[in-house]
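Residue-level structure breakdown
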Amino acid sequence: MSDKKFQTIIDCGFSKIRAGAFNEEGKNNPYFIESNFYTDQFNFKLDIQKIVASLEKSTNEYIDNIDLMVDSSKTISVGISVFKKIEELKLRQDDILFLIQEAKQQILKYYSDYNITHIIINNYKIDNVDYSELPDKIDCQFISLDIIFICLPSELVLSFKNIFSELNISINQIICSSYAKSINYKNNLDLTGEVSFIDIGFKKTSIISFNNDKLIFLDVLPIGGNHITKDISLLLKIDINEAEKLKLNFEKYNSQVNNPNFSLEMIQKIAFARTEEILELCDKSLTSNTKIKSKSKMILMGEGSKILDNKFKDKISFSKDIDFLEETLWDVCQSGYKLRKAHNKQEVVVVPKKQIKQGFFEKLFLFFK
């Protein structure tokens, strides 16, 4: 039995690495650290080594396994329905596991270049009656499950596994960052009804929509904060790193920069134009989904959204009301840790190989409540 007290969460973004070490015994405050901003991942492995070494020093523990948070512009979500006739009339856990495995095999067959990250059961239909959670000890003749699979490109997952393997670190669980963050913030803010989180990252923008506790939509657009930075760099003819600093601090522009070639108004105009385009593309994606109503609440978050806060949103020409959620290092890491610990009622937990016990079905264990 392991005597380790801390569990490490590492969020590997495409512009920054964030990490947190959480005490599993609930004692002491967690430790957090993040890398500097980068525009490429040339020193990615070295940055991870530095972060791991810093956490090991803080916790006084050797890190040999982590939970990894990651996003990708190629993330996909796939919805599938599976059904089964129950011969003995008594619904058993094995019946549910059979249906999950059947759905999983279809995903693996038709999306062979992807790795399944999250399996979410959105609905149980038992003898034509819908349930958001599986009832206890129910008689049943026919059951169907509506399942959403969130998948990351296998090539990306393998590259991360190889990097951490070279550092003698195994990955317990891979978590989709945007999905984990949206669940955490929705719960923290006690949001009900329809709400959509717009997570603007470095090279992608994720759209995650909920109706109460039910995930109803996930889409990823290959456009993000890096596009804003590149616009500023190109139009103002400045270095990409300087453009990033201006993007994140343009409200302080006059006190920090004295450049006669461009003004605060010009920087804002460039940044807000691309931001409006991103929001319009998100809205187009949302309205194309018939399950989402036009008046659903929209919340903007993510590193790429930091050019905005609630005092600047009125300068954005966008037809719908949006709220800005400012994230901290604590928020990001805690989102992954909470998802790992809480076990959402709708989510199937993919159990790592080393934790599998005899009799478990295809690495899946479903927590019933």
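Residues numbered from 1 in each chain as written. Predicted model: local features only at pLDDT ≥ 70, side-chain atom pairs only at ≥ 80, totals over all residues. Heavy atoms only, no water.

**Description of the confidence of the model for the protein chain**
With 86% of its residues at a pLDDT of 70 or more, the protein chain has an overall mean of 84. Within the protein chain, strand β4 (residues 65-70) carries the highest mean pLDDT (97), whereas strand β16 (residues 364-365) carries the lowest (41). Predicted confidence is poor over residues 352-369, with pLDDT under 50, and the contacts of this stretch with residues over four places away or in other chains come to 44 contacts. (pLDDT = per-residue confidence, 0-100. Helix = DSSP H or I, 4+ residues; strand = E, 2+ residues; numbered from the N terminus. Contact = heavy atoms within 4.5 Å.)

**Section: the packing of helix α4 (residues 177-188) against helix α9 (residues 329-342)**
At a minimum axis separation of 8 Å, α4 and α9 run at an interaxial angle of 90°. Of the possible angle classes, the one that applies to α4 and α9 is roughly perpendicular. Two secondary-structure elements touch here, α4 through Y179, A180, K181, I183, N184, Y185 and N188 and α9 through D331, V332, Q334, S335, G336, K338 and L339. For the contact of α4 with α9, the class distribution of residues is 6 nonpolar, 5 polar and 3 charged. (Axes fitted to C-alpha atoms, helices over the stretch in contact; angles between N-to-C directions. Parallel < 35°, antiparallel > 145°, perpendicular 65-115°, else oblique. Nonpolar A, V, L, I, M, F, W, Y, C, P; charged D, E, K, R; others polar.)

**Points about the sheet that holds strand β10 (residues 194-200)**
Paired through their backbone hydrogen bonds, the strands of a sheet run either parallel or antiparallel. Taken in spatial order, the 5 strands line up as β12-β11-β10-β13-β14 in an open sheet, and their pairing is mixed. Both edges of this open sheet fall to β12 (214-221) and β14 (322-324), since each of them pairs with a single strand only. Mean inter-strand twist for the sheet, computed between neighbouring axes without regard to direction, equals 20°. Where strand β11 (residues 205-211) lies against β12, 7 bridges are found, and the strand directions are antiparallel. Within the sheet, the bridge partner assigned to I207 lies in β12 and is D219. Packed on one face of the sheet, helix α8 (residues 264-287) meets β10, β11, β12, β13 (297-301) and β14 and runs near 40° to β11. (Pairing = 2+ DSSP bridges.)

**As for empty space enclosed by the protein**
What the rule picks out here adds up to 2 cavities of 30 Å³ or more. Of the volumes computed, that of the second largest cavity is approximately 40 Å³. Lining the second largest cavity, in full, are S15, F37, G201, F202, G225, E244, K247, E303 and G304. Considered class by class, the residues forming the lining of the second largest cavity number 2 nonpolar, 4 polar and 3 charged. (1 Å grid on protein atoms, 1.4 Å probe; cavity = no way out; pocket = protein on both sides within 12 Å on 5 of 7 lines; lining within 4 Å. Points joined across faces, edges and corners; volume = space filled by probe spheres on them.)

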